[in-house]
Amino acid sequence: MSALDARRQWLAQRHAELLAALRVRRDAPTEIPVAVSAGAPGIAPMGGSDAAGASGRELSAPSARTALLIVGGVLVVVAALVFTVVSWGRLGIGGRAAVLLAVTACALALPPLLRRRQLTATAEASAAVGLALVLLDGYAARQAGLGGLDRVGTAGYWAVLTALTAVGAALYGWWQRLRLPLPVGFLMARLPGLLGTAALGGMTGDYATAVIATAAVDFAVLYALTARDAAGQAGFRERVGGERAANGLVAAARAVGGGWALLGGVLAVGYAVVAPSPAEVLRAWVPLGLLMLLGMALCRGFRTLPFTLRAGGEGVAVVALIVAVGAGLRYVLPAGWVVVGYAAPAALLAAWAAVSCTRSGRWAKRVTSGPAGRPAGEATSGPTGGLFAPPSRAAAAVGELVAASTALLLTGVVVLSELAHALIRPVVHGVALWGGGHPPQWSWQLATAPLVVLWLSAAVLAVMAGLRAWAVGDGDRHTDRLAHALRNAQALTAVPAVLLLPVALGLPYGWVLAAAAVASVAAAVDVVRRPEAALLPRLLVLAATGALALLWSSADRTAVLAVWGTFAATAAVLAHVLSATTSPPTVRTTARGAGAFAVLALGVEAVASGATAGLPGHVTAFGVLAVAVAAAGAAAVWHRIPGRGQVSTAVEGAGYVLAAIALALTALHPDALSLALAVTGVAGLAVALRPDRRRAALVGTGLLIASSWVRLALAGVSAPEAYTLPITAAALVIGHRRRKSTPGTGSWPAYGAGLGATMLPCLAAMWSDENWVRPLLLGAAALLATVAGVRTRLQAPLIVGGGVLMLVGLHELAPTVVQVFGLLPRWVPVAAAGLLLLLLGATYEKRIDEARRLRDTVRSMT
């Protein structure tokens, strides 16, 4: 009570502050409007310009009025609540009734008077206060035990009271042409059903029935109001204040009613799915049937509803029907077939909806003009029913199709785990087999029910694809996107449905694998025989069957060799046939993929052969390397055939991938790695014989050098010259050929890297080497490079050779110089430095000229 009293005091204070603010604005000097005749001078404003007055206002008049009305209404309600709770017992029965009835009657009687004075907002506030007081009166009457109301159950009493208040509020608002009581009564109508169900001790299904029945009443009232307006009678729009207010109220009522119906549908579906007995299923059919009738009525009876809402209503009805049938079949079908009880009606309804979409013309293409001069977009008669059928038929077809397809998809999600387990069961065994262990015996089984759901999905997709293609006339052109997508989805669904059928029938592993392999080869043959037909669905079938066959073959070593070898040969033939110059671009792209797959499949065959024979990985790598070399040769042969260049590139690229894998397999065994690098390098040089692959010589040379490095490391050679001289020789040869082929190439790009590759590491090693052989040989090589640079007027040999030669000389003379400086007196180096500086100073200009000539000479070199 103290909290309510404090709240009341704060509201009263706020009310006084707002009134004071309004009085200040009222007493402020403002412009006095005076009507003046033409030419007569007006009266200037007393308090400044209009802009100044407008900018000084922080609250508009309607906003202040609304705030006052809200605060005042809350004050009245709080005061009434405090009076009812605190002061009720001080009055007798007559006084209580008189006070409550008087206040409520005043609040409900004021709106007509206020409306006549154009105080519409005040009338709305007074009506709201009156409606609140009605509920308060009901509470007070029961608390006081008026007429024995205290002996009535709480939920039942409030169910009746809220129902009467909701109906009374709506009728009162309609009668007084007020906006607020109508939505208040509409929202309050949510409560009677729930409270009545609670009073009767209802269960989840009863609550769902109450909620759906409330939504049905909502839409029935809306239908009556909108139908009256559509008939041209003065009614709803005039009574709620115009077109805009009416549209807003109708949209809000549709949203509330639709949400309430969906809530009831969720409760009904949940109750039906988990119903513990057939009797409970029958009880769940009541809300589901009511929901189905409501959805059908919304779709077919409400002509003013948008297309989306009408389709949604039909979809809700379809879902209710599917759940009702599935819940009933749950106690008829065998154990494990519950999901089929939901999938079967969903599939039938989806197929029927696809037929309805075709017959109603919803899937027909748009036309530019109709027969008999009718404009485009008007329904025409024909086998498909025209461009669009009547809205109810089209909306019903779309709603049924979407709802049934979604329900069927959900059943597929339910069985997805079982199907996935059946698909990967051989792979799990194969991982244990190829991992080096001893896998136990395994069995491959699949229940029939998940496969039935998959077959139903594939059948529905096939029906939908065929009907869509027929409706749009896309039988051979394959240009319609929806028909194309449906065909692809049907192909992907049909492959596991067909291939898992032998598993469900209990056939042995070999038979199942053979069926998958034969199906894949048959799909490849079909692609080769009819390349001009719809390619993508058949490629999806080929890829899906091939992938499953390859995965399933991993459970047996012999099966891996047989399946991968067969598929490699099939892919090679497919690549050769489809890469013809007359093939369209999509077919030639398929040919490239087939060629690359053939090479990779042979690589897997080589690895599997080595593992089956018990060979170590670094030995098996040479089998993979042999496949890579063969792929390079096949690519060269294909390249000579006109129009097969793209397939040649794909095969060659796959061979390079296998070569990299082979080198990786030998990485931990230096002997094998050196040999593999040598073989790969020779193969690279062989590839460089092709005119368009000259740069492969660089890779081949690098691989040979790497092979020599590995061999030198195995021999314990630590001298850097043994590693760098092959690089220098190869780089100098390549640079010389580049200068011959490209005359503008400078000496640094041609010879700089080759000279530095050996001289710089040798120079670094020389400073830590006490032997005389390395400085001698390095000096000789540097001298030779310097002389060659001078004779050929090349910068790189001259600068690199001269610089290295100077450093070699410094290295050799350094010990002698140190000894000489140690024997001479201390003043001799100082005197020599002074004489040198005097000599340089005397011949400074000449030395500068010589340095400039040397710079110009070096710059003139290439």
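Calculation rules
- Residues numbered from 1 in each chain as written.
- Predicted model: local features only at pLDDT ≥ 70, side-chain atom pairs only at ≥ 80, totals over all residues.
- Heavy atoms only, no water.
- Helix = DSSP H or I, 4+ residues; strand = E, 2+ residues; numbered from the N terminus.
- Buried < 20%, exposed > 50% of the residue type's maximum accessible area, 1.4 Å probe, protein only.
- Contact = heavy atoms within 4.5 Å.
- Areas by Shrake-Rupley, 256 points an atom, 1.4 Å probe, with all protein chains shown as cover.
- Axes fitted to C-alpha atoms, helices over the stretch in contact; angles between N-to-C directions.
- Parallel < 35°, antiparallel > 145°, perpendicular 65-115°, else oblique.
- Left-handed = near helix turned anticlockwise from the far one by under 90°.
- Nonpolar A, V, L, I, M, F, W, Y, C, P; charged D, E, K, R; others polar.
- Polar contact = N/O pair within 3.5 Å; in protein donor to acceptor, adjacent residues only side chain to side chain.
- Phe/Tyr/Trp six-rings, centres within 6.5 Å; stacked < 30°, edge-to-face > 60°.
- Salt bridge = Lys/Arg side-chain N within 4 Å of Asp/Glu carboxyl O.
- Core = buried A, V, L, I, M, F, W, Y, C linked by side-chain atoms within 4.5 Å.
- Expected span 1.5 Å × (residues − 1).
- Patch = residues over 30% accessible without salt bridge, like charges linked within 9 Å, V, L, I, M, F, W, Y side chains within 5 Å.
- 1 Å grid on protein atoms, 1.4 Å probe; cavity = no way out; pocket = protein on both sides within 12 Å on 5 of 7 lines; lining within 4 Å.
- Points joined across faces, edges and corners; volume = space filled by probe spheres on them.
- pLDDT = per-residue confidence, 0-100.

Right, let's get into the overall build of the chain. What the chain contains, in helices and strands, is 33 helices and zero strands. By the burial criterion, 38% of the 862 residues in the chain qualify as buried. Partitioning the contacts of the chain with sequence separation of at least 6, the portion at a separation of at least 24 is 66%. As displayed, the chain has an accessible area near 45900 Å², and 69% of this comes from carbon and sulfur atoms.

As a further point, take the packing of helix 18 (residues 481–499) against helix 21 (residues 535–553). Here helix 18 crosses helix 21 at 25°, and the two axes come no closer than 9 Å. Judged by the inter-axis angle, helix 18 sits roughly parallel to helix 21. Here helix 18 runs over helix 21; the crossing is right-handed. Here helix 18 contributes H484, R487, N488, A491, L492, V495 and L499 to the contact with helix 21, which in turn contributes L536, P537, L540, V541, A544, T545, L548 and W552. When grouped by side-chain class, the residues that make up the contact of helix 18 with helix 21 number 11 nonpolar, three polar and one charged.

Along the chain, the position of H429 falls in helix 16 (residues 416–434). You can call H429 buried: its relative accessible area is 11%. Note: C-alpha distance between H429 and P440 (11 residues apart in sequence) is 8.4 Å. Engagement of the side chain of H429 in a polar contact is seen with the side chain of W442, the distance being 3.3 Å.

As a further point, take the packing of aromatic side chains. In the structure shown here, the tally under the stated rule is seven aromatic pairs. An angle of 80° between the planes, with centres 5.8 Å apart, marks the rings of Y157 and W158 as edge-to-face. Here Y157 falls in the buried class, since its relative accessible area comes to 11%. Under the relative-accessibility criterion, W158 is labelled partly exposed at 23%. Grouped by ring-pair contacts, the aromatic residues W442, W444, Y509 and W552 constitute a single cluster.

Using the criterion set out here, one finds 11 salt bridges in the structure. With a closest N to O distance of 2.3 Å, D218 and R190 form a salt bridge. Taken together, the residues D218 in helix 9 (residues 204–230) and R190 in helix 8 (residues 190–199) connect sequence positions 28 residues apart. For the residue pair D218 and R190, the accessibility class agrees, reading buried in each case. In this structure, D671 engages R711 in a salt bridge whose closest nitrogen and oxygen atoms are separated by 3.6 Å. One end of the pair, D671, is in helix 26 (residues 670–687); the other, R711, is in helix 27 (residues 696–714), with 40 residues separating them in the sequence. The class for R711 is partly exposed, based on a relative accessible area of 42%. Salt bridges sharing partners connect three or more residues here, namely E652, R690, D692 and R693.

A few words now on the nonpolar core. Ranked by size, the top nonpolar core spans 55 residues in total, and within it I322, L446, L500 and W552 carry the most contacts. Apart from the residues within four sequence positions on either side, L446 is in contact with E418, L419, A422, L451, L500, V503 and A504. In terms of nonpolar packing, the next biggest core, distinct from the first, is built from 36 residues, L542, L578, A591 and W638 among them.

Glancing now at helix 24 (residues 617–640). Compared with the 34 Å implied by 1.5 Å per residue over 24 residues, the 35 Å span of helix 24 between its first and last C-alpha is a close match. Looking at the buried positions of helix 24, the neighbouring elements they touch are helix 22 (557–578), helix 23 (585–612), helix 25 (645–665) and helix 26.

Turning our attention to a nonpolar patch on the surface. A contiguous nonpolar surface patch, about 640 Å² in accessible area, is contributed by W455, V498, L501, L505, L507 and W511. By secondary structure assignment, the location of V498 is in helix 18. Residue class for V498 comes out partly exposed when judged on its relative accessible area of 44%.

With that settled, consider the side chain of T162. Looking at where T162 falls in the secondary structure, it is placed in helix 6 (residues 154–176). Note on T162: relative accessible area 5%, which makes it buried. Other than its neighbours up to four places away in sequence, T162 contacts M188, L191, P192 and L195.

With their axes 10 Å apart at the nearest point, helix 5 (residues 120–144) and helix 7 (residues 181–188) run at an angle of 30° to one another. In terms of axis orientation, helix 5 runs roughly parallel to helix 7. Along the contact surface, helix 5 presents E124, A127, L131 and L135, while helix 7 presents P181, V184 and M188. The residue inventory of the contact of helix 5 with helix 7, partitioned by class, reads six nonpolar, no polar and one charged.

On to the side chain of S554. Tracing the sequence through the fold places S554 in the loop between helix 21 and helix 22. The exposure class of S554 is buried, given its relative accessible area of 16%. Side-chain polar atoms of S554 contact the backbone oxygen of L551, separated by 2.6 Å. If we ignore the near neighbours within four places in the chain, the residues touching S554 are P426, V427, G430, L433, W434 and V560.

The subject of this paragraph is the layout of surface pockets. If you add up the space inside the largest pocket, you get close to 660 Å³. When residues of the lining of the largest pocket are traced back to their parent elements, those giving at least two are helix 6, helix 7, helix 8, helix 9 and helix 11 (243–273). Tallying contributions element by element places helix 9 first for the lining of the largest pocket, with eight residues. Its residues assigned to classes, the lining of the largest pocket shows 24 nonpolar, three polar and one charged.

Here the idea is plain: a probe the size of a water molecule rolls over the atoms and shows the empty space left. Evaluation of the coordinates by the stated rule reveals one cavity of 30 Å³ or more. When its volume is computed, the largest cavity comes out at roughly 40 Å³. If you go around the largest cavity, the residues you meet are F219, L222, Y223, T226, R254, F302, T304 and L305. Broken down by element, the lining of the largest cavity gets its largest block of residues, four residues, from helix 9.

Another point: the environment of A659. Inspection of the secondary structure puts A659 in helix 25. Considering only alpha carbons, one finds A659 and A626, 33 residues apart in sequence, at a separation of 8.7 Å.

We now examine unusual backbone geometry. A positive phi is found at R793, a non-glycine position, where the angle reads about 55°. For R793, a relative accessible area of 42% gives the class partly exposed.

So, about the environment of H484. You can see H484 is positioned in helix 18. Considering only alpha carbons, one finds H484 and P537, 53 residues apart in sequence, at a separation of 8.3 Å.

With 31 residues, helix 11 should cover 45 Å at 1.5 Å per step; its first-to-last C-alpha distance of 44 Å lies within 8% of that length. By the burial criterion, the buried members of helix 11 are A245, A246, V250, A253, G257, W260, A261, G264, G265, A268, Y271 and A272.

This part covers the confidence of the model for the chain. Interpretation of the predicted coordinates at a detailed level should be avoided for regions scoring low in pLDDT. Per-residue confidence for the chain gives a mean pLDDT of 79; residues scoring 70 or more make up 80%. Looking across the chain, the model is least confident in helix 2 (residues 50–55), with a mean pLDDT of 40, and most confident in helix 19 (residues 501–504), with 92. In the predicted structure, residues 27–61 sits below a pLDDT of 50 and forms 12 contacts with residues beyond four places in sequence or in another chain.

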